[in-house]
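# Per-entry structural report
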Amino acid sequence: MESEDTKKIQEMKTDLNLLLECLKYQMDNPFSQKEALVTIHSICQQNSNAGVYFREIGGLMFVRNLAKSSEHSMVKEAALYTLGAVAEQNVYCQQTLCTSELFEDLTWFLSNNDSNTNLKRMSVYVILVLVSNNRTGQTLVRETGCITVLTQLFRTVLSKYELNLSDKNVFQSYQLWSSVCSTLCVCVNNPQNDENQMLCCSLFPHANDWLINCITPEVIRPVCSFIGLTLANNTFVQKYFISVGGLDVLSQVLVQLESDSHKTVSSAKLAVVVTKTVDACIADNPTFGVILSKYQIVSKLLTLLLHESLDSGEKFSIILTLGHCTEDCEENQYDLFKNNGLPLMIQALTESQSEELNKAATFVLHNCKKITEKLCLSLGEYSFDENEKQLEDINMKEKNLEEYWKKAKEILHRIEQLEREGNEEKIQREKYKDNVSSMNINIENTLKHLHGDSIGKGPEAEDKDKSQSRKLPSCKSHGILTTACTNDHQMKTLLKSTDPFDACYRESGQNKTLYKADSSYSQNLHERTNFEKKNSVSQSSDHVFKPPIPVVKNRKQELPVTDPFTLCSDIINKEVITFLATDSHSKMLKYRCSGCIAVGKSLNSRNFSKLLHSCPYQCDRHKVIVEAEDRYKSELRKSLICNKKILLTPRRRRQLSSESTTSGGITRTEGCGSCSQIPQADQRLQA
């Protein structure tokens, strides 16, 4: 492998030596010299080391002298073309050729009227190669006056704005003019050269004429490149360009191209080129963005941003231009806000994978932060410190928008008012719940106190407490009704004081909430009115009483219920029966205590005890009575057995029963509720 490379290098050196000898000994034959130069160019293009070897053997300097001394134009053109190719491939060759003598020779070729177009093109090409990425070349092109000749060619090569590129002569002139534009671009930039930029800014008026009169890609691209690079990072040149109307011209061209972009993709691509040039104009002077607001450039850029043919790099250029437009210009910020630019920036942030594009979109959003806050605070009533006359025109045009803002403000006010009213209703409901809970506690304490007194004072005190407990609910109910009426009056007053627009808004947007609040309020009012009568009302939607928990028939091993509130609650529960209609509550009655249902029938101690024992749904009151009776009977049996100390047989049991009957019956002395109606005479204990 190494031998093959060495062989190729050796062959290349041999070829270059032979070609150089051919150039030296064929001075009278221009065609042979031209062919030899073209071959040298081809070898140097294929191998970068070939240029270095050609320089070492003195071929580079010989070709340079040949270009200067030859009388034949074709030899000069071929020699310059070879010098440019070798210098482009190798930086050492570029440094070797970068001399003032060569620049002077090239300047003479360009300024000589006898030089044909191709020779001038080759001269411009060599200048381009020597200056590109070479500060020494930029300095020499200025000091030798070569840049002055280039600027003159920029003005004079194309005399007509209407280009007929199908014509051969016009096409050659256009190629020369395009090469001049490219060479001027490298003279002022990469690296940036402020002095060359100052010299080239004299071409701005002529460049504006080209932009206005020839909106074609063949003209727009080279001119915009020249303007953009000449303006870059130079505030003085930027101000001069704007002073000669350059930014206005670019804005007009951009508007035209954006309009044509809906028809052709090339117009959209060309609009991006103009956008980059606009960005270079205002990048270091954001205050000049106000000029763009006259042409509504922001809205045009937003429309262009949605074009499907653009790639991420082109979209980045558009967004970056939007950032510089909105950096220090509230008019452009408002245009961005009005044309839904903020959602587009957010969409670019979420969808793009390019870090540069995301930074540009963030830059735009940061610029529009202040105007967004101002619009939110003033609800559309914005003001600018500068251009008051222009602001008045904008306010007249945006009158309808201000009306929308006012309506939005009214709606916001109504919503806040509804929220306040909802909070007041919530507070009222909480107060009502607190009153009900405190009322329950008071009733519990009262009932417990009544039960304690009845235990201490006996049957008479108990009868007295019963009458007091019946009076108590009526008093409480009267108080609840008074409170309910007061709250109802407050609700009516609140509804009357509400604005008609508010009422309409409630019916259309929040009628469900108002209806639920009103119905809940009415329901609570009804429950408070009947609270003391029913003692406990279910909070479920059907409002029926829960059936009592079923009780196991064998109760002898269960402990008796001793809660005083549970015992006395049946006193209030008795009155519930009087409010229940027979038809509507017939199904519910079969789940109630048989002792409570049988009130008013002819009962005695025998059939009533049997009735209670056969009832599967005993209330707490009769449950206590049955358990007390069973417990009393059990204790009585135990006492009799202990006294006799004998084992009872059926025979002895009958005898014991007859003896206890003759000695005197055991009568019931206590009762409550329905038991008070049982005849107390001749109530015998059944064994």
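These figures come from a predicted structure and were not determined experimentally. (Residues numbered from 1 in each chain as written. Predicted model: local features only at pLDDT ≥ 70, side-chain atom pairs only at ≥ 80, totals over all residues. Heavy atoms only, no water.)

## Regarding the overall build of the protein
Along the backbone of the protein there are 36 helices and zero strands. Expressed as a percentage of the 687 residues in the protein, the buried residues total 40%. Nonlocal contacts in the protein, meaning residues at least 24 apart in sequence, comprise 73% of its contacts between residues at least 6 apart. Approximately 39,100 Å² of the protein is accessible, and the part contributed by carbon and sulfur atoms is 52%. (Helix = DSSP H or I, 4+ residues; strand = E, 2+ residues; numbered from the N terminus. Buried < 20%, exposed > 50% of the residue type's maximum accessible area, 1.4 Å probe, protein only. Contact = heavy atoms within 4.5 Å. Areas by Shrake-Rupley, 256 points an atom, 1.4 Å probe, with all protein chains shown as cover.)

## A few points about the side chain of Ser-251
Mapped onto the secondary structure, Ser-251 falls in helix α16 (residues 246-260). Take Ser-251: its relative accessible area is 1%, and that puts it in the buried class. Residue contacts for Ser-251: discarding those within four places in its chain leaves Leu-292, Tyr-295 and Ile-297.

## With respect to the environment of Leu-130
Tracing the backbone through its elements, the reader meets Leu-130 in helix α8 (residues 117-131). You can call Leu-130 buried: its relative accessible area is 0%. When the C-alpha atoms of Leu-130 and Glu-88 are compared, they prove to be 8.0 Å apart, with 42 residues separating the residues in sequence. The residues touching Leu-130, leaving out its near neighbours within four places in the chain, are Ala-87, Gln-94, Leu-97, Cys-98, Leu-102, Phe-103, Leu-106 and Gly-137.

## A few points about the state of the cysteines
The final tally for this structure, using the stated rule, is zero disulfides. Free cysteine: Cys-185, not disulfide-bonded; nearest cysteine sulfur from Cys-181 at 6.8 Å. (Disulfide = S-S within 2.5 Å.)

## Notes on the confidence of the model for the protein
Taken as a whole, the protein shows an average pLDDT of 74; of its residues, 63% reach a score of 70 or greater. Across residues 564-568, where pLDDT falls below 50, the model places 13 contacts with residues more than four positions away in sequence or in other chains. (pLDDT = per-residue confidence, 0-100.)

## Side note on the pattern of salt bridges
If you walk through the whole model with that rule in mind, you get seven salt bridges. When the shortest N-O distance is used, the salt bridge between Asp-105 and Lys-68 registers 3.9 Å. Of this pair, Asp-105 sits in helix α7 (residues 100-111) while Lys-68 sits in helix α4 (residues 59-69), and the two are 37 residues apart along the sequence. Lys-68 sits in the exposed class, given a relative accessible area of 53%. The partner of Lys-359 in a salt bridge is Glu-355, with the nearest N and O atoms 3.6 Å apart. Placement of the pair is Lys-359 and Glu-355 together in helix α23 (residues 355-367), with a separation of four residues, close to one helical turn. Judged by its relative accessible area of 56%, Glu-355 falls in the exposed class. (Salt bridge = Lys/Arg side-chain N within 4 Å of Asp/Glu carboxyl O.)

## Description of the packing of helix α19 (residues 297-305) against helix α20 (residues 312-325)
Running from N to C, α19 and α20 point in directions that differ by 160°, and their axes come no closer than 10 Å. Classified by the angle their axes make, α19 and α20 are roughly antiparallel. For the pair α19 and α20, the crossing hand works out as left-handed. Seen from α19, the contacting residues are Val-298, Leu-301, Leu-302, Leu-304 and Leu-305; seen from α20, they are Lys-315, Ile-318, Ile-319, Thr-321, Leu-322 and Cys-325. (Axes fitted to C-alpha atoms, helices over the stretch in contact; angles between N-to-C directions. Parallel < 35°, antiparallel > 145°, perpendicular 65-115°, else oblique. Left-handed = near helix turned anticlockwise from the far one by under 90°.)

## With respect to helix α3 (residues 48-56)
Where α3 is concerned, the buried positions are Ala-50, Gly-51, Val-52, Tyr-53 and Phe-54. Put simply, Asn-47 is the residue that caps the front of α3, since its side-chain oxygen is 3.0 Å from the backbone nitrogen of Asn-49. Two residues or fewer after α3 comes Gly-58, characterised by a positive phi angle close to 85°. (Polar contact = N/O pair within 3.5 Å; in protein donor to acceptor, adjacent residues only side chain to side chain.)

## Describing helix α14 (residues 217-231)
End to end, α14 covers 21 Å across 15 residues, agreeing with the expected 21 Å (1.5 Å per residue, within 8%). Regarding α14, the residues found buried are Val-219, Ile-220, Pro-222, Val-223, Cys-224, Phe-226, Ile-227, Gly-228, Thr-230 and Leu-231. Of the surrounding elements, those touching the buried residues of α14 are α11 (168-188), α12 (194-200), α13 (204-213), α15 (235-243), α16 and α17 (265-282). At the C-terminal side of α14, Asn-233 shows a positive phi close to 60°. (Expected span 1.5 Å × (residues − 1).)

## Section: the packing of aromatic side chains
For the structure on display, the rule yields nine aromatic pairs. Pairing Trp-177 with Trp-210 gives two aromatic rings, centres 5.4 Å apart and planes at 40°, and the pair type is tilted. Taken as a pair, Trp-177 in helix α11 and Trp-210 in helix α13 lie far apart in primary sequence, 33 residues in all. A relative accessible area of 0% places Trp-177 in the buried class. (Phe/Tyr/Trp six-rings, centres within 6.5 Å; stacked < 30°, edge-to-face > 60°.)

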